[in-house]
Amino acid sequence: MSPTLIYIFGGTGDLAHRKLIPALFNLYIDGYLPGPFRIVGIGRTEMAETAYRQEMRKSVKEFSRRPELVAQHWTKFSRTLHFQSHDLNNDKAYKGMASEWKEFQAKHGEEAQVVFYLSVAPQLAPVIARRLHQHKLCADPHRSRMVFEKPFGHDLKSAQELNRLLGRLFREEQIYRIDHFLGKETVQNILALRFANALFEPIWNAHYIDHVQITAAETVSIENRGSYYESSGALRDMVQNHVLQMLCMIAMEAPISFEADEIRNKKLDVLQAIRKMHPEDVHRYTVRGQYAAGWSQGKKVVGYREEKSVDPQSAVETFAAVKFYVDNWRWKGVPFYVRTGKSLPAKETLITVQFKPAPDYAFPEEAAHTWRPNRLVIGIAPKMDIRLRFQAKQPGPHMTLRPVDMVFSYATREQEDCQPEAYETLLQDVIEANPTLFMRADQVEAAWTVIRPIMEVWADKPPVDFPNYAPGTWGPEDAEALIARDGFNWATLPETHPSEAPVKKKKS
Ligand code: BG6
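Quick caveat: nothing in here was measured; it's all calculated off a predicted structure. (Residues numbered from 1 in each chain as written. Predicted model: local features only at pLDDT ≥ 70, side-chain atom pairs only at ≥ 80, totals over all residues. Heavy atoms only, no water.)

Undergrad: How should I be thinking about the sheet that holds strand S11 (residues 319–325) in this particular structure?
TA: In any sheet, the strands associate via hydrogen bonds between backbone groups, in a parallel or an antiparallel arrangement. Strand order in this open sheet of 8 strands is S8-S11-S12-S7-S13-S14-S15-S16, and the pairing throughout is mixed. Of all the strands in the sheet, just strand S8 (286–289) and strand S16 (401–409) have a single pairing partner and so form its edges. Averaged over all adjacent pairs, the angle separating strand axes in this sheet is 15 degrees, with direction ignored. Pairing geometry for strand S14 (residues 375–381) and strand S15 (residues 385–393), over 4 bridges, is antiparallel. Residue pairing across strands places Leu376 opposite Leu388, the latter belonging to S15. Helix H7 (residues 185–195) contacts strand S13 (348–355), S14 and S15 of the sheet and is inclined by roughly 145 degrees relative to S14. (Pairing = 2+ DSSP bridges. Helix = DSSP H or I, 4+ residues; strand = E, 2+ residues; numbered from the N terminus. Axes fitted to C-alpha atoms, helices over the stretch in contact; angles between N-to-C directions. Contact = heavy atoms within 4.5 Å.)

Quick look at the structure:
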């Protein structure tokens, strides 16, 4: 691995505390960081390096998946961690970085590489990009990379403008647009499930699949992110990126190789095949919601409109449900129902593939009372499992059927501890220059194109019934109706059965 210098713009921000530094720490412990490695957190406020290290130690202890290893490894790891305070509008900052980068290169030779991680407010990204270009900090396309956090644009037009700007300044292969869901083990496993098993692929199409559901539910409210969320909403925050990416993994054709562009091309095909909604269809195919004040998880919670930095008349949605169609040969007529929201009853991301019902004519009517169609349910997080529902004979003298689940669980396979967090996988990919799990410019734009009609109609017609769902419930009633109209219901995960309980972590 090449010696690497990594700058984190937004080095004192929430993401650095909760995800980036804990991820780098875990990569370090597992030996996945290159020998010569230097992390520089960049923030606005002055702070001594020792104070920064102490702050980060606390965060790693709190947010790392292996806090018990901090005592043993922190001192060594922290030697790679530095802090600089800069005004990012000022040339001085970039001159400093340029000479530091030169020194690093002089010390470690041609192999050395530099990564700029932009975990900053969206309006700062173009400013930083221009300056990096101006100071020739990304002049070598093979040795310099930039990572962009979402949101990547606010709509199609702004995403295109940003892509055009970056395209003028850098090569596409230097630009890493993060969608952290793609780093999740369970999301990557969809490719293994689909393409490494001969079992599923032959029936993975409109002949056998009835419909697909994707749920990305959260119990949390917007958690002090009022000003960000007011300019976003559930559709932009979750559907445009994470949910559509999961849909792509389910719907894509088999890649001919695992080359980054091959996978990304196949996913792009899906985005381009998603039917663009006519404005007059938007109300039929979508539902939006906003949580009211009430009780959630046994706690009293304020309504969205009473949250900090939120307009008391806000029309921003905290829940979205959409019915999509993928208009290609494989998926003709198969609905893809997706829903996501804040303040829902469970933290649960899952994908449900429901197969067409088997003909039941051979069984006596009483045998088939509890007959249910086959279902493949992929638990993405926090439950990480795959369950296949099929019919079995109820033990006893009569031929009575009941649905049973065959479950593969990552946790019960004692793999819990070895699972890298999404950010670990993604940071490692950046360091190793592997862009497979990152969004290419055309993918981002295609995803904005998919949701554009919804955004436009929702903006044109402000909701009249907001807030329209109580916290701790599954969103507005219309979301049930969206799927019930077609004769289905939203799938949720069953409570954990004792035999599936996660294996207790061993003390190290
Ligand atoms: C982020 C959204 O991208 O994903 C948040 O901005 C959301 O609003 C988060 O809470 C969910 O991610 P995860 O990995 O916790 O499911």
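Undergrad: What is the right way to read the layout of surface pockets from this model?
TA: Here the idea is plain: a probe the size of a water molecule rolls over the atoms and shows the empty space left. In this structure, the second largest pocket encloses a volume near 420 Å³. Contributions of two or more residues to the lining of the second largest pocket are made by helix H11 (282–285), S8, helix H13 (441–460) and helix H14 (477–484). Across the lining of the second largest pocket, the residue classes break down as 12 nonpolar, 3 polar and 6 charged. (1 Å grid on protein atoms, 1.4 Å probe; cavity = no way out; pocket = protein on both sides within 12 Å on 5 of 7 lines; lining within 4 Å. Points joined across faces, edges and corners; volume = space filled by probe spheres on them. Nonpolar A, V, L, I, M, F, W, Y, C, P; charged D, E, K, R; others polar.)

Undergrad: What am I meant to see in the site of the ligand here?
TA: Looking at the ligand, the residues that line it are Lys150, His180, Phe181, Lys184, Glu218, Arg225, Asp237, Met238, His242, Lys342 and Lys347. A distance of 2.8 Å separates an oxygen atom of the ligand from a polar side-chain atom of His180. At a separation of 2.8 Å, an oxygen atom of the ligand approaches a polar side-chain atom of Arg225. In the complex, the protein chains occlude 80% of the 400 Å² of accessible area that the ligand would expose alone. (Near = heavy atom within 4 Å. Polar contact = N/O pair within 3.5 Å; in protein donor to acceptor, adjacent residues only side chain to side chain. Areas by Shrake-Rupley, 256 points an atom, 1.4 Å probe, with all protein chains shown as cover.)

Undergrad: Before we go on, may I ask you to explain the packing of aromatic side chains in this structure?
TA: Each aromatic ring pair is characterised by the separation of its centres together with the angle its planes make. Applying the stated criterion across every chain yields a total of 21 aromatic pairs. Relative to Tyr469, the ring of Tyr291 lies with its centre 6.4 Å away and its plane at 70 degrees, an arrangement referred to as edge-to-face. Of this pair, Tyr291 sits in the loop between S8 and strand S9 (294–296) while Tyr469 sits in the loop between H13 and H14, and the two are 178 residues apart along the sequence. Each member of the pair, Tyr291 as well as Tyr469, carries the same accessibility label: buried. Members of the aromatic cluster, each reached through a chain of ring pairs, are Tyr228, Tyr229, Tyr291, Tyr304, Phe319 and Tyr469. Lys184 extends its terminal NZ or CZ atom over the ring of Phe181, reaching a point 4.5 Å from the ring centre. (Phe/Tyr/Trp six-rings, centres within 6.5 Å; stacked < 30°, edge-to-face > 60°. Buried < 20%, exposed > 50% of the residue type's maximum accessible area, 1.4 Å probe, protein only. Lys NZ or Arg CZ within 6 Å of the ring centre and 35° of its normal.)

Undergrad: Looking at this model, I keep getting lost on the packing of helix H10 (residues 260–273) against H13. Mind explaining?
TA: Geometrically, a packed helix pair is captured by the angle between its two axes and the distance between the axes. As a packed pair, H10 and H13 sit with axes 9 Å apart at the nearest point and diverge in direction by 15 degrees. Between H10 and H13, the crossing angle belongs to the class labelled roughly parallel. Of the two possible hands of crossing, H10 and H13 adopt the one that is left-handed. Counting all contacts with H10, which are made through Arg264, Lys267, Leu268 and Leu271, the residues of H13 involved are Asp442, Gln443, Ala446, Ala447 and Val450. (Parallel < 35°, antiparallel > 145°, perpendicular 65-115°, else oblique. Left-handed = near helix turned anticlockwise from the far one by under 90°.)

Undergrad: Help me understand the nonpolar core, please; the structure alone is not making it clear to me.
TA: Within soluble globular proteins, side chains that are nonpolar generally end up buried alongside one another. In this structure, Phe116, Leu247 and Phe324 are the most contacted members of the largest nonpolar core, which totals 148 residues. Look past the residues within four positions of Phe324 in its chain and what remains in contact with it is Val239, Leu244, Leu247, Ile274, Met277, Val334, Pro335, Phe336, Val338, Val450 and Ile454. (Core = buried A, V, L, I, M, F, W, Y, C linked by side-chain atoms within 4.5 Å.)

Undergrad: Looking at this structure, I do not really get the sheet that holds strand S3 (residues 81–85). What am I missing?
TA: Strand order in the open sheet made by the 6 strands is S3-S2-S1-S4-S5-S6, with parallel pairing throughout. With one partner strand each, in any of the chains shown, S3 and strand S6 (175–177) form the two edges of the open sheet. For this sheet, the mean inter-axis angle between neighbouring strands, taken without regard to orientation, is 20 degrees.

Undergrad: Explanation requested: helix H12 (residues 422–431) in the structure shown.
TA: Three or four residues apart is the spacing at which side chains of an α-helix point the same way, because the helix has 3.6 residues per turn. Summarising burial for H12: 10 of the 10 residues are buried, a large majority. Of the residues making up H12, those classed as buried are Ala422, Tyr423, Glu424, Thr425, Leu426, Leu427, Gln428, Asp429, Val430 and Ile431. Ala433 lies just past H12 and shows a positive phi near 55 degrees.

Undergrad: Got a minute to help me understand unusual backbone geometry in this structure?
TA: Phi is mostly negative for residues that are not glycine, and the peptide bonds are mostly trans. In this model, Ala381 is joined to Pro382 through a cis peptide bond whose omega is -10 degrees. In this structure, Pro382 sits in the loop between S14 and S15. A cis amide bond, omega -10 degrees, links Phe466 with the succeeding residue Pro467. On the secondary structure map, Pro467 appears in the loop between H13 and H14. Non-glycine residue Lys136 carries a positive phi angle of around 55 degrees. Position of Lys136 among the secondary structure elements: in the loop between helix H5 (124–134) and strand S5 (144–148). On the basis of relative accessible area, Lys136 is assigned to the exposed category, the value being 63%.

By themselves, these observations are geometric and do not establish any function.
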